[in-house]
Amino acid sequence: FPVTITEIKTPTISMAKKGDEEEIVLLLSDWQLGHRTETFDANIAKKRIDELLKATVKISSLHRKAYPIKNINLFVMGDMVQNDRIGYLIDLSELEKILMYQVFEDAVPLLQRAITTLAKHFEQVKVFCVRGNHGRGDIGSSEKTNWDDVIYKVTEMSFKENPRVKFKVAKEFYQIANVLGKKFLLIHGDQVRGGSYNIPLYALMQRMLRWETSMPEKWDAVCCGHWHHFAEIQQNGKVLIVNGTLVSDDEYVRKNWGWDASTGQKVFGVHPRKGVTFRYNLQLGGERK
């Protein structure tokens, strides 16, 4: 894939001229590039990302027949690589390639490819990024030293000449993304552990309700990854949306949590008054035999 991307021309988009404008949000998280299972490696990840992009473009085309959709928002929520810290984050048998190649052969080019593809179908691509736990440095280093941020910053630099692609990389563990006036609190999801009956959705929901009063800015919904499992729940008017993963047949998830991962990523629409409208869990593999 190219290292420098400077496509600037605004695409010609066919869409309905009536109706309230909406924007699309695509959740990208837990690509875990460098992780290898019986049914997942870097080549399979590339195919799944291409499938994801085709589905997103198709969904936008279908909804544009009813109302205008000009822009797309990418919520990139961490764990883009697996890391190579044997014994701390992964088992040696799971490692496909070392961290440098995970970052510069796979993660950066694939994120560039995703943005370049989407920029051909949307007037603006707005990219909001938060770091995950798999990108962390050695024990003793700053928690803000994270390979996810390296991926984001290198990718951002490659689009610096393109005014239609805008990046916002979080300085803290979270950031708040504004989509048509609706505010989304973005986190990776590793901020909570376990939960009641070892179901993390309970812990996430409890933390969501605490953040409602402790965060310095008001927000309408929380989006996260980390747990490799699709979920959505509403409590006290706040919405929690949990993304899936690209990985299938993850032995760690089955062994430690007892469930199979949701192999896919989420897409949803946002209306300026109604908030989250249409929702799709885009399945990208991992079907049982």
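Just above, that's the structure.
These numbers come from a predicted model, not from an experiment.

Calculation notes
- Residues numbered from 1 in each chain as written.
- Predicted model: local features only at pLDDT ≥ 70, side-chain atom pairs only at ≥ 80, totals over all residues.
- Heavy atoms only, no water.
- Helix = DSSP H or I, 4+ residues; strand = E, 2+ residues; numbered from the N terminus.
- Buried < 20%, exposed > 50% of the residue type's maximum accessible area, 1.4 Å probe, protein only.
- Pairing = 2+ DSSP bridges.
- Axes fitted to C-alpha atoms, helices over the stretch in contact; angles between N-to-C directions.
- Contact = heavy atoms within 4.5 Å.
- Phe/Tyr/Trp six-rings, centres within 6.5 Å; stacked < 30°, edge-to-face > 60°.
- Lys NZ or Arg CZ within 6 Å of the ring centre and 35° of its normal.
- Parallel < 35°, antiparallel > 145°, perpendicular 65-115°, else oblique.
- Left-handed = near helix turned anticlockwise from the far one by under 90°.
- Salt bridge = Lys/Arg side-chain N within 4 Å of Asp/Glu carboxyl O.
- Expected span 1.5 Å × (residues − 1).
- Bend = angle between axes of the 7 residues up to and from the residue.

### A look at the environment of lysine 47
With respect to the helices, strands and loops of the structure, lysine 47 is situated in helix 1 (residues 42-63). Relative accessible area serves as the criterion here: at 62%, lysine 47 is assigned to the exposed category. Sequence-wise, lysine 47 and leucine 284 are 237 residues apart; in three dimensions their C-alpha atoms are separated by 9.0 Å.

### Observations concerning the sheet that holds strand 7 (residues 221-224)
Strands sit in the order 5-6-7-9-8 across an open sheet of five strands; the sheet is mixed. A strand with exactly one partner marks an edge of an open sheet, and here the two such strands are strand 5 (175-179) and strand 8 (231-235). For this sheet, the mean inter-axis angle between neighbouring strands, taken without regard to orientation, is 20°. For strand 6 (residues 182-186) and strand 7, the ladder comprises three bridges, and the chain directions are parallel. Within the sheet, the bridge partner assigned to phenylalanine 184 lies in strand 7 and is alanine 221. Relative to strand 9 (residues 238-242), helix 4 (residues 200-214) is tilted by about 135°, and along the sheet it contacts strand 6, strand 7, strand 8 and strand 9.

### Things to note about the packing of aromatic side chains
By the definition in use, this model includes six aromatic pairs. Between phenylalanine 75 and phenylalanine 184 the ring centres are 5.6 Å apart and the planes differ by 55°, which places this aromatic pair in the tilted class. Note that phenylalanine 75 is positioned in strand 2 (residues 69-76) and phenylalanine 184 in strand 6, a separation of 109 residues in sequence. Take phenylalanine 75 and phenylalanine 184: they sit in the same class, and that class is buried. Site record: aromatic cluster; members linked through ring pairs are Phe75, Phe128, Phe184 and Phe268. The aromatic ring of tryptophan 219 is capped on one face by lysine 238, whose charged end is 5.0 Å from the ring centroid.

### Observations regarding the packing of helix 1 against helix 2 (residues 99-119)
The contact between helix 1 and helix 2 brings their axes to 10 Å, and the two run at 15°. As summarised for this structure, helix 1 and helix 2 are arranged roughly parallel, according to the angle between their axes. For the element pair helix 1 and helix 2, the recorded crossing hand is right-handed. Contacts from Ala42, Lys46, Ile49, Asp50, Leu53, Thr56 and Val57 of helix 1 reach helix 2 at Asp106, Leu110, Arg113, Ala114, Thr117 and Leu118.

### As for the pattern of salt bridges
Using the criterion set out here, one finds 12 salt bridges in the structure. The partner of aspartate 50 in a salt bridge is arginine 113, and the shortest N-O contact between them spans 2.9 Å. One end of the pair, aspartate 50, is in helix 1; the other, arginine 113, is in helix 2, with 63 residues separating them in the sequence. Accessibility expressed as a relative area gives 31% for arginine 113, which makes it partly exposed. Notably, a salt bridge pairs lysine 144 with glutamate 172, separated by 3.3 Å at the nearest N-O pair. In this pair, lysine 144 sits in the loop between strand 3 (124-129) and helix 3 (147-158) while glutamate 172 sits in the loop between strand 4 (165-169) and strand 5, placing the two residues 28 residues apart along the sequence. Each of Lys97, Glu105 and Asp106 takes part in a single network of salt bridges with overlapping partners.

### Remarks on the environment of lysine 218
Tracing the chain through its elements places lysine 218 in the loop between helix 4 and strand 7. Considering only alpha carbons, one finds lysine 218 and phenylalanine 184, 34 residues apart in sequence, at a separation of 9.2 Å. When sequence neighbours within four positions are dropped, the list of residues in contact with lysine 218 reads Ile176 and Lys183.

### Some remarks on helix 2
Here helix 2 is 21 residues long and its end C-alpha atoms lie 28 Å apart, about the 30 Å a rise of 1.5 Å per residue gives. Remark: the principal bend of helix 2, roughly 30°, maps to alanine 107, with a proline, proline 109, within the next four residues.

### Things to note about the pairing of strand 3
Here strand 3 lies mainly inside the structure; five of its six residues are buried. Bridge count between strand 2 and strand 3: six bridges; the pairing is parallel. By the bridge assignment for strand 3, valine 76 is matched with cysteine 129.

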